[in-house]
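Report on the structure
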Amino acid sequence: ITVYGNGRVNLNTASRPVLIALGLSDSVIDAVIIGRNGKDGIPATDDDNIFSDNGASIQLGFLDLKDEQLGEIDRLYVDRKISTRSNLFRLNVKGFFPQTQENRLIVCVIDHDDGRIKSWREN
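Residues numbered from 1 in each chain as written. Predicted model: local features only at pLDDT ≥ 70, side-chain atom pairs only at ≥ 80, totals over all residues. Heavy atoms only, no water.

A word on the side chain of R36
Of note, R36 is situated in helix 2 (residues 26–36). With no salt bridge to any partner, buried R36 finds its closest opposite charge in D48, at an N-O distance of 7.6 Å. Excluding anything up to four places from it in sequence, R36 contacts L11, N12, T13, A14, D48, N49, F51 and F62. (Helix = DSSP H or I, 4+ residues; strand = E, 2+ residues; numbered from the N terminus. Buried < 20%, exposed > 50% of the residue type's maximum accessible area, 1.4 Å probe, protein only. Lys, Arg positive; Asp, Glu negative; His and termini not counted. Salt bridge = Lys/Arg side-chain N within 4 Å of Asp/Glu carboxyl O. Contact = heavy atoms within 4.5 Å.)

A closer look at the pattern of salt bridges
Here the structure, examined in full by the defined rule, presents 4 salt bridges. Here D113 and R85 are joined by a salt bridge, their closest N and O atoms 3.0 Å apart. Taken together, the residues span a long stretch of sequence, with D113 in the loop between strand 6 (102–111) and strand 7 (117–122) and R85 in the loop between strand 4 (82–83) and strand 5 (88–97) at a distance of 28 residues. Assessed through its relative accessible area of 49%, D113 is described here as partly exposed. Given a relative accessible area of 51%, R85 falls into the exposed group.

Examining the side chain of Q69
Structurally, the position occupied by Q69 is in helix 3 (residues 67–78). Relative accessible area serves as the criterion here: at 12%, Q69 is assigned to the buried category. Those residues within four positions of Q69 in sequence are excluded, and the remaining contacts are S27, V28 and D64.

Describing the packing of helix 2 against helix 3
Across the interface, helix 2 lies against helix 3 with an axial gap of 10 Å and an inter-helix angle of 80°. As judged from the angle between their axes, helix 2 and helix 3 are roughly perpendicular. Side by side, helix 2 and helix 3 meet where S27, V28 and V32 of the first sit next to Q69, E72 and I73 of the second. Taken together, the residues of the contact of helix 2 with helix 3 break down into 3 nonpolar, 2 polar and 1 charged. (Axes fitted to C-alpha atoms, helices over the stretch in contact; angles between N-to-C directions. Parallel < 35°, antiparallel > 145°, perpendicular 65-115°, else oblique. Nonpolar A, V, L, I, M, F, W, Y, C, P; charged D, E, K, R; others polar.)

Brief notes about the environment of D79
Mapped onto the fold, D79 is located in the loop between helix 3 and strand 4. We classify D79 as partly exposed; its relative accessible area is 49%. Along the sequence, D79 and F51 sit 28 residues apart, while their C-alpha atoms lie 17 Å from each other.

Here we look at the confidence of the model for the protein
Averaged over all residues, the pLDDT of the protein is 90; the fraction at 70 or higher stands at 98%. Taken element by element, the predicted model of the protein shows its lowest mean pLDDT in strand 3 (residues 58–59) (83) and its highest in helix 1 (residues 16–21) (96). (pLDDT = per-residue confidence, 0-100.)

Comments concerning the pairing of strand 5
Bridge analysis of strand 5 against strand 6 gives 10 bridges, and the strand direction is antiparallel. Across the sheet, residue K94 finds its bridge partner in strand 6, namely L105. (Pairing = 2+ DSSP bridges.)

Some remarks on the sheet that holds strand 7
Working definition: the strands of a sheet are paired by backbone hydrogen bonds and lie parallel or antiparallel to each other. Here 3 strands make up an open sheet; going across it, the order is 5-6-7 and the pairing antiparallel. Of all strands in the sheet, those bounded by a partner on one side alone are strand 5 and strand 7. Across the sheet, the mean angle separating the axes of adjacent strands is 15° when strand polarity is ignored. Pairing of strand 6 with strand 7, which is carried by 5 bridges, proceeds in the antiparallel orientation. By the bridge assignment for strand 7, V109 is matched with S119.

Listed below in structure tokens is the structure:
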């Protein structure tokens with residue numbers, strides 16, 4: 001979550017604590033995380049499922065949810081609390097300088113749409 005966003009949470013990338021904060025039930029959270037991780041159960045691999053948005057609802061075809069569970073997601077979508085796309089990304093870059101034995105961490109937020117850096121912090 002960032003102060004630079006539009007207030008919506010991306011269902012494709014939200015962590016369990018964020019999904020809990022949205023008020024989703026444990027069964028829906030489990031289905032979302034397991035469903036988006038694909039058959040191998042590992043996030044960020046080729047077999048992942050991606051939620052999409054047709055303008056009226058989020059496409060959830062790869063999830064096996066009951067009507068009341070679908071309703072939880074639909075309510076968040078209608079209330080404009082969730083989406084399926086992000087344009088802001090946080091990058092954590094860690095570097096090591098062998099000459100000085102020093103570690104450095106750079107954390108920045110980048111707007112994918114215009115390429116601008118919204119924030120930059122070095123530690």
